[in-house]
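# Notes for the structure review
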Amino acid sequence: MTSKRRPLPAAEPGTAGLVPVVQVRAVKVAFGGLLALRGIDLDVEQGERLAILGPNGAGKTTLFNVIAGDITPTSGTVAVKGVDCTRLPSRRRPRLGVARTYQKARTFEGLSVTDNVYLALAGHYRRQRVPWRSAVDRRLRDEAGRVVASVWLGDHRDTPAGALAHGQKRQLELGMAIATDPDVLMLDEPASGLSRGEREHLVELLDALAESVTVLLIEHDMDVAFRVARRVVVMADGEIVAAGAPEQVRADPKVHEIYLGSEGRS
Ligand SMILES: Nc1ncnc2c1ncn2[C@@H]1O[C@H](COP(=O)(O)OP(=O)(O)OP(=O)(O)O)[C@@H](O)[C@H]1O
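Right, let's walk through the structure included here. (Residues numbered from 1 in each chain as written. Predicted model: local features only at pLDDT ≥ 70, side-chain atom pairs only at ≥ 80, totals over all residues. Heavy atoms only, no water.)

For the rest of this paragraph, the subject is the site of the ligand. The ligand sits among 13 residues. The nearest are Gly57, Gly59, Lys60, Thr61 and Thr62. Between an oxygen atom of the ligand and a side-chain N or O atom of asparagine 56, the distance comes to 3.1 Å. One of the side-chain nitrogen or oxygen atoms of threonine 61 is found 2.8 Å away from an oxygen atom of the ligand. Coverage of the ligand by the protein chains reaches 60% of its 640 Å² of free accessible surface. (Near = heavy atom within 4 Å. Polar contact = N/O pair within 3.5 Å; in protein donor to acceptor, adjacent residues only side chain to side chain. Areas by Shrake-Rupley, 256 points an atom, 1.4 Å probe, with all protein chains shown as cover.)

Structure follows, in C-alpha cells:
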C-alpha cells in the first residue's frame with residue numbers, strides 16, 4: 001500500500017525565532033447564520049503563556065478548534081511556526097508540535113494510566129517516523145513511567161483511566177499531551193472540576209514546563225488563569241475585546257463590564 005502522506009510545507013529558512021509560533025489572521029467561523037468568530041487576529045510568540053478568557057459562547061473553544069485543526073475556518077488563515085496549516089487536519093498538527101486537551105478528557109478508559117501515556121508517546125514516535133524496534137519500545141515504556149510520575153500519578157500507574165477521579169483524569173490528559181513534547185500546548189479549561197489542591201498541582205505543573213513551550217489556556221478559573229498567564233486575551237461575541245498583561249486586563253473597566261464583574265475588582 002502506498003502512503004498518501006505528503007510532507008508538510010517547510011517554514012521559511014532563516015526566520016526561526018522571528019515568526020510567531022501561532023499566527024491567526026482575519027479568522028471567521030460561521031455556523032449556519034451564527035458568526036462564532038468575527039475576524040480574529042492573534043500572534044503568539046514562542047514560550048508565551050497566554051490565557052483566553054471570556055463569557056460562555058464568546059468563541060474561545062471555536063478559536064482553539066481552528067488553531068488545533070478541529071475546525072477549518074470559513075475565512076482567514078492559521079499558521080504554526082510559519083507554516084500555513086489553515087486546512088491541515090487536526091491529526092497532522094501534532095507533527096507541527098501542537099498538542100491539545102479537550103473540555104471532556106479523551107482517554108482510553110479500559111487501559112491503565114501508563115498505557116494511555118505509552119500510546120500517546122507511540123503515536124508521536126510513529127509520526128516522527130522513528131523505526132519501530134524493541135529498544136524504542138523499552139525506551140517509550142520508561143518515558144511513559146517518567147511522564148506518569150511527573151503528573152503525580154505514580155501511585156495510580158496501573159489504574160484503568162476509567163477508574164480515576166475527575167481531577168486525576170485531567171492530570172492524565174495533561175500527561176498525554178506533555179508526552180508528545182509539544183511546542184504549543186493548548187489546554188481547554190484544565191482546572192474545571194478540580195479541587196483546590198488539584199488546582200495548585202496544575203499551576204505547579206504548568207510552571208514547571210520548559211520555558212520554550214508555548215501554552216495557550218482557556219480557563220474560567222481566574223486564579224489559575226492569572227497565575228499561569230503572562231498575557232491575557234478576552235473574547236466576547238466572537239471578537240477579541242481586550243488584551244494585555246494580567247494586571248492590565250484585570251483593571252480594564254470594559255472587561256469588568258463584559259466578564260469579570262465585581263470578582264475582578266478585588
Ligand atoms: N458546532 C457548532 N455548531 C453550531 N454552533 C456552534 C458550534 N460550536 C459552537 N457554536 C456556537 O458558537 C458560539 C461560540 O461557541 P464556543 O464554544 O466557541 O464558545 P466558548 O467561549 O468556548 O464558550 P464556553 O465557555 O461555554 O465553552 C456559541 O454561540 C456556540 O453556541
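With that settled, consider the pattern of salt bridges. Following the criterion strictly, the structure yields 11 salt bridges and no others. Within the structure, one salt-bridge network assembled from shared partners comprises Asp70, Arg100 and Asp188. (Salt bridge = Lys/Arg side-chain N within 4 Å of Asp/Glu carboxyl O.)

A few words on the pairing of strand S8 (residues 214-218). Here S8 lies mainly inside the structure; five of its five residues are buried. Across the two faces of S8 the burial is the same, with Thr214, Leu216 and Ile218 and Val215 and Leu217 all buried. Alignment of strand S3 (residues 49-53) against S8, held across four bridges, turns out to be parallel. Looking at S8, one finds that leucine 50 is bridged to leucine 216. Of the strand pairs in this sheet, strand S7 (residues 184-188) and S8 are connected by five bridges, and their pairing is parallel. Paired with valine 184 across the strands is threonine 214, a residue of S8. (Buried < 20%, exposed > 50% of the residue type's maximum accessible area, 1.4 Å probe, protein only. Helix = DSSP H or I, 4+ residues; strand = E, 2+ residues; numbered from the N terminus. Pairing = 2+ DSSP bridges.)

Purely geometric numbers; function is a separate question.
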